[in-house]
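Structural overview
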Amino acid sequence: MRTAIVGTGHRAQLFTEGLAKRDAYEVVALCDPNSVRMAFHNRMLLAAGRRTAHLWPPARYDEMLRVERVELVVVTSVDATHDRYIEAALRAGVRVICEKPMTTDAVKAQSILDTVRETGGSLSVAYNYRFNPVHRRVRQLLAEGAIGRVHSVHFEWMLDVSHGADYFRRWHRDKSNSGGLMVHKASHHFDLVNWWLGAEPQTVYARGQLAFYGPGHEHGYARDYVRAHGSSDAADDPFALQLADNATMRDLYLDAEGEDGYYRDRNVFAPGVSIEDDMAVLVSYDTGATMTYHLTAYSPTEGYRVMFNGSGGRLELNVEESTFTSITLRPLWSEPIDHTVEHDHEGHGGADPRVLAALLDGEETEGAEVADARQAALALVTGLAANRSFETGLPVRTADILRL
């Protein structure tokens, strides 16, 4: 299958490596505004014993689809640009795999949904968390009725001051690029809850703030520099990313700056941050269940806790990244039961290779399925409604955001 990869940043490596390992695919084209990054991916293809791909600028994307006779497009570009590549490919009769989120705002999301319906084309969105064995076990327990009818969910996600800070160093810090963490990051979690409960969100109320990152805070962590590379003020800053110290980061970003001026190592406390770092959300679902959700992007630890309350008891998932995981069932009038399963702490808990197998090989994973356009929109709509609620201070109906 003749394949093009659009967007050759860090996340695209997963797909370049995965495609290069599969004889059924050939990466014939790379599309990115930066030739240095495309050259990095071509070196990956050569290292895997595959032929290099032709390089195309985004302005010639439609021509690329035609000239290269592309059959599959993998979209891993900046989130706000996904719609342009998805829709053109679908109209050209090309299958599309898109990295999450599908897009960043309601207008673009509706346009993608409409294009899928009009063309009857194939769009899959890589919500890899469905393929984590831990998450599959939670879904199995809920589907089996382990706690009866689920009435409420509490979901707390903590990004630490390494991973969390990274969203404030790079293009994600601009909400027009990423949709903010409610869209870029939390859509993972909203998709999980939809999938776990077999439910669709109906109403969203949310409050969000930029409490920690960005300028003007009195916590005393801020240093006076624009970007870390070459700055003496950043030399011992624990929030600074030193691109020169990492070969991949140096090749993909530091050495590529001359072409597009993109700085991957911006000061997380400098002006220009338009996304939130502390967000609280209340969601009601068509099953009658509710969810309280909180995302903190400046935590001392990395992980998440999800608690399900049902008519027959409580199910608790507790994950501290790369340290421990526990799944505990607490039936009414009975002792707790441990349902913890082993999983790989690398590659999103072993989810990355499994989602690639599903997307590229059609391999079925028990209890998991690839998200289609409608499911991706259902994951997205909670975050879009939350963003609107941030602005208005009012509850938002998901039906007022997207026609699903």
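Keep in mind it's a predicted model, so treat the numbers as computed, not measured.

With numbering matched to this structure, UniProt assigns "domain: Gfo/Idh/MocA-like oxidoreductase N-terminal" (unreviewed entry) to residues 1–127. Across residues 1–127 one finds 42% helix and 21% strand; the C-alpha atoms that close the span lie 22 Å apart.

So, on to the pairing of strand β2 (residues 26–31). The side chains of a regular strand alternate, first on one face of the sheet and then on the other. Here β2 lies mainly inside the structure; 5 of its 6 residues are buried. Examined bridge by bridge, strand β1 (residues 2–6) and β2 share 5 bridges and lie parallel to one another. If you follow I5 over to β2, its bridge partner there is L30. Crossover connection from β1 via helix α1 (residues 12–20) to parallel β2: handedness right-handed. For β2 and strand β3 (residues 54–56), the ladder comprises 3 bridges, and the chain directions are parallel. Residue A29 lies in a different strand from β3, and its bridge partner there is H54. Taking the sense of rotation as the criterion, the β-α-β connection linking β2, helix α2 (residues 35–47) and β3 turns out right-handed.

Here we come to the packing of aromatic side chains. Across all of its chains, the model carries 19 aromatic pairs by this definition. Each ring, one from F212 and one from F239, has its centre 5.9 Å from the other, and the planes form 50°; the classification is tilted. Of the two residues, F212 sits in the loop between β8 (201–209) and α11 (247–252) while F239 sits in the loop between β8 and α11, which places them 27 residues apart along the sequence. F239 gets classed as buried once you look at its relative accessible area, which sits at 7%. By way of ring pairs, the aromatic residues Y129, F155, W157, F190, W196, Y293, Y304 and F308 are connected into one cluster. Its end group placed over the ring of Y263, R227 keeps NZ or CZ at 4.1 Å from the ring centre.

Bringing the domain arrangement of the protein chain into the picture now. Domain assignment breaks the protein chain into domain 1 (2–125) and domain 2 (129–213 + 273–400). One C-alpha centre belongs to domain 1, the other to domain 2; they are set 26 Å apart. Taken residue by residue, the interface counts 26 residues in domain 1 and 26 residues in domain 2. With both chains or domains summed, domain 1 and domain 2 bury close to 2100 Å², and 66% of this area falls on carbon and sulfur atoms. Along the contact surface separating domain 1 from domain 2 lie 8 residue pairs in polar contact (both at pLDDT 80 or more). Mapped onto the side of domain 1 that touches domain 2, the elements with two or more residues apiece are α1, β5 (95–99), α5 (106–119) and β6 (123–126). Here the residues of the side of domain 1 that touches domain 2 are counted per class, giving 16 nonpolar, 4 polar and 6 charged.

Cis geometry marks the peptide bond from K100 to P101; its omega dihedral reads -10°. Within the secondary structure, P101 sits in the loop between β5 and α5. The backbone phi angle of R69 is positive, close to 50°, even though this residue is not glycine. Along the polypeptide, R69 turns up in the loop between α3 (61–67) and β4 (72–75). Its identity is not glycine, yet W333 carries a phi of approximately 60°, on the positive side. Relative to the elements of secondary structure, W333 occurs in the loop between β13 (324–331) and β14 (337–338). When its relative accessible area of 85% is taken as the criterion, W333 is described as exposed.

This part takes up helix α14 (residues 373–392). In this model α14 runs 28 Å from its N-terminal to its C-terminal C-alpha over 20 residues, within 8% of the 28 Å that 1.5 Å per residue would give. The sharpest bend along α14 reaches about 30° and sits at L380. The residue sitting at the N-terminus of α14 and contributing the capping side-chain oxygen is D372; that oxygen lies 3.2 Å from the backbone nitrogen of R374. Immediately downstream of α14, the backbone of G393 shows phi near 75°, a positive value.

A few words on the sheet that holds β8. Strands sit in the order β14-β13-β12-β11-β7-β10-β9-β8-β16 across an open sheet of 9 strands; the sheet is mixed. Since the sheet does not close on itself, it has two edges, and those belong to β14 and β16 (396–397), each with one partner. Relative to strand β9 (residues 278–285), β8 is paired through 8 bridges, and the arrangement is antiparallel. Of the residues in β9, the one forming a bridge with Y205 is L282. Most of the contacts of helix α10 (residues 186–197) go to strand β10 (residues 290–299), to which it runs at about 155°, and overall it touches β7 (150–160), β8, β9, β10, β11 (303–310) and β12 (313–320). Relative to β8, α14 is tilted by about 50°, and along the sheet it contacts β8, β9 and β16.

Turning to the state of the cysteines, a few remarks are in order. Applying the stated criterion across every chain, the model contains 0 disulfides. The cysteine C31 is free of any disulfide, with C98 supplying the nearest cysteine sulfur at 14 Å. With relative accessibility at 0%, the residue C98 sits in the buried group.

Further remarks concern the nonpolar core. Membership of the largest hydrophobic core comes to 118 residues, with the highest contact counts inside it found for Y61, V73, L123, W196, Y293 and F308. Counting residues per element, this core draws most heavily on α14, at 10 residues. Each of domain 1 (2–125) and domain 2 (129–213 + 273–400) gives at least three residues to this core. The contacts of Y61, once residues within four sequence positions are left out, are V6, C31, V73, R84, Y85, A88 and A89. Counting residues in each nonpolar core, the second largest holds 10 residues, with F40, L243, M249 and Y253 among its members.

Conventions and cut-offs
Residues numbered from 1 in each chain as written. Predicted model: local features only at pLDDT ≥ 70, side-chain atom pairs only at ≥ 80, totals over all residues. Heavy atoms only, no water. UniProt positions renumbered as here; feature names shortened; annotations may be inferred. Helix = DSSP H or I, 4+ residues; strand = E, 2+ residues; numbered from the N terminus. Buried < 20%, exposed > 50% of the residue type's maximum accessible area, 1.4 Å probe, protein only. Pairing = 2+ DSSP bridges. Right-handed = clockwise from strand over helix to strand, strands pointing away. Phe/Tyr/Trp six-rings, centres within 6.5 Å; stacked < 30°, edge-to-face > 60°. Lys NZ or Arg CZ within 6 Å of the ring centre and 35° of its normal. Domains from an automatic or database assignment. Contact = heavy atoms within 4.5 Å. Buried area = accessible area lost by both parts, 1.4 Å probe. Polar contact = N/O pair within 3.5 Å; in protein donor to acceptor, adjacent residues only side chain to side chain. Nonpolar A, V, L, I, M, F, W, Y, C, P; charged D, E, K, R; others polar. Expected span 1.5 Å × (residues − 1). Bend = angle between axes of the 7 residues up to and from the residue. Axes fitted to C-alpha atoms, helices over the stretch in contact; angles between N-to-C directions. Disulfide = S-S within 2.5 Å. Core = buried A, V, L, I, M, F, W, Y, C linked by side-chain atoms within 4.5 Å.

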